[in-house]
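Notes for the structure review
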Amino acid sequence: MLIADLHSHILPGIDDGAKDVTMARALLARQYNDGVSRVAFTPHFRCEDQTLEEFLQKREEAFELLMQEKTTEMVALEYRMGAEVYFSPAVATLDFGKLCLQDTPYLLVELPVTHFPAWVKDVFYQLQLKGIVPILAHVERYPYIMKNPHLLYELVSAGALAQINASSLLHNKKRKKIIRKMINWNLVHVIASDAHSLERRPPQMKKGIEELSGMVRAERVSTLLCNAVKIFSKEDFTPEEPHEPKRLLNYWV
Ligand SMILES: [Fe+2]
């Protein structure tokens, strides 16, 4: 089974991920040993902190620096450039073609953790009018979505995709229960590493996928893995119809 990781902070010295080339190489070796064959580089981008041009230049420089000397593992991997875009209404004015996963219409977006912004649906709609498909990064990290998965349903049924972090399946039991439900409701499309470093936030694709295999049916696991490969490889895919979560007493069913 091919594994594509669509969310990582491996490019050196550009954000809070790999601090230098040595760390970046070690992270790629870990990915390779975990069975990952395709890696998207998605450094954080905040339009309030830097211009798009500054970001793109830094990203290019970081990539060139990393690729100056390739290890055996690095030669075996395929790469695409991307970004994890922190969402604010201001980003709707940006040239998203350059922030999407390279040569694809998919844009990885990060929301605030504190609250569900009222403008999200509107901005997503504007993006979709431009042919862009938002992928909501690590949906399990937003407390408002974990408390109210119907919010995620509203975004997914309007055409957005959703990603979970492999590492999130390894620690928090309570969170796992609702993630499992969200996967079975077809509200999650991709599992990714969101790798930052070997110690603090390591790539854990292998362990995460093993954990996932114990949570949901095998066909759901393979759908999530296939979706990521199709997105990376620019193949068309139609997400499965999402089921609407309903609240029954204190449970989402
Ligand atoms: Fe991230």
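Structure: above.
A brief structural summary.

Helix and strand counts for the chain come out as nine helices and eleven strands. Computed over its C-alpha atoms, the radius of gyration of the chain comes to 17 Å, within 12% of the 18 Å expected for a compact globule of 253 residues. Taken along its principal axes, the extent of the C-alpha atoms in the chain is 55 × 40 × 35 Å. Scored against the burial criterion, the 253 residues of the chain give a buried share of 55%. A fraction of 77% describes how many contacts in the chain between residues 6 or more apart in sequence connect residues 24 or more apart. For the chain, the accessible area works out to roughly 11,700 Å², and carbon and sulfur atoms hold 51% of it. Averaging the locations of the 31 positively and 32 negatively charged side chains of the chain gives two centres separated by 8 Å.

Backbone hydrogen bonds hold the strands of a sheet together, and the pairing may be parallel or antiparallel. Spatially, six strands are ordered β3-β5-β6-β7-β8-β9 in an open sheet, and the strand pairing comes out parallel. The open sheet has two edge strands, β3 (44–45) and β9 (190–192), and neither has a second partner. The strands touched by helix α4 (residues 120–129) within the sheet are β6 (106–110) and β7 (133–136), with β7 carrying the most contacts at an inclination of about 140°.

Axis separation between helix α8 (residues 205–213) and helix α9 (residues 218–232) bottoms out at 9 Å; the angle between their running directions is 145°. Crossing angle aside, the handedness with which α8 passes α9 is right-handed. Each of I209, L212 and S213 in α8 lies in contact with α9, whose residues at this interface are V221, L224 and L225. By residue class, the composition of the contact of α8 with α9 is five nonpolar, one polar and no charged.

Attention now moves to helix α6 (residues 150–157). Most of α6 sits inside the fold, with six of its eight residues counted as buried. Regarding α6, the residues found buried are H150, L151, L152, Y153, L155 and V156. For α6, the elements touching its buried residues are α4, β7, α5 (143–147), β8 (161–165), α7 (173–184) and β11 (251–252). Remark: G159 follows α6 within two positions and exhibits a positive phi of approximately 115°.

Right, let's get into the nonpolar core. Counting residues in hydrophobic clusters, the biggest one holds 89 residues, and the most contacted among them are F41, F87, L99, L107, L136 and M182. The dominant element in this core, judged by the number of residues it contributes, is α9, at seven residues.

For the structure on display, the rule yields seven aromatic pairs. Their ring planes at 40° and their centres at 6.5 Å tell us that F87 and W119 sit as a pair that is tilted. Highlighted residues: F87 in the loop between β5 (84–86) and β6 and W119 in the loop between β6 and α4, separated in sequence by 32 residues. Its relative accessible area of 24% is what places W119 among the partly exposed residues.

Let's shift gears to the coordination of the iron ion. At 2.1 to 2.2 Å from the iron ion lie its protein donor atoms, namely H7 (NE2), H9 (NE2), E84 (OE) and D194 (OD). Here the donor residues of the iron ion share one chain and are spaced in sequence as H-x1-H-x74-E-x109-D. Of this pair, H7 sits in the loop between β1 (4–5) and α1 (21–33) while D194 is found in the loop between β9 and α8, placing the two residues 187 residues apart along the sequence. Assessed through its relative accessible area of 0%, H7 is described here as buried. Of the residues examined, D194 reaches a relative accessible area of 2% and is grouped as buried.

What counts, and where the lines are drawn
Residues numbered from 1 in each chain as written. Predicted model: local features only at pLDDT ≥ 70, side-chain atom pairs only at ≥ 80, totals over all residues. Heavy atoms only, no water. Helix = DSSP H or I, 4+ residues; strand = E, 2+ residues; numbered from the N terminus. Rg over C-alpha atoms; globule rule 2.2 N^0.38 Å. Buried < 20%, exposed > 50% of the residue type's maximum accessible area, 1.4 Å probe, protein only. Contact = heavy atoms within 4.5 Å. Areas by Shrake-Rupley, 256 points an atom, 1.4 Å probe, with all protein chains shown as cover. Lys, Arg positive; Asp, Glu negative; His and termini not counted. Charge placed at Lys NZ, Arg CZ, Asp CG, Glu CD. Pairing = 2+ DSSP bridges. Axes fitted to C-alpha atoms, helices over the stretch in contact; angles between N-to-C directions. Left-handed = near helix turned anticlockwise from the far one by under 90°. Nonpolar A, V, L, I, M, F, W, Y, C, P; charged D, E, K, R; others polar. Core = buried A, V, L, I, M, F, W, Y, C linked by side-chain atoms within 4.5 Å. Phe/Tyr/Trp six-rings, centres within 6.5 Å; stacked < 30°, edge-to-face > 60°. Donors = N, O, S within 2.8 Å, 3.2 Å for Na, K, Ca; no water.

Just geometry here; none of it tells us what the structure is for.
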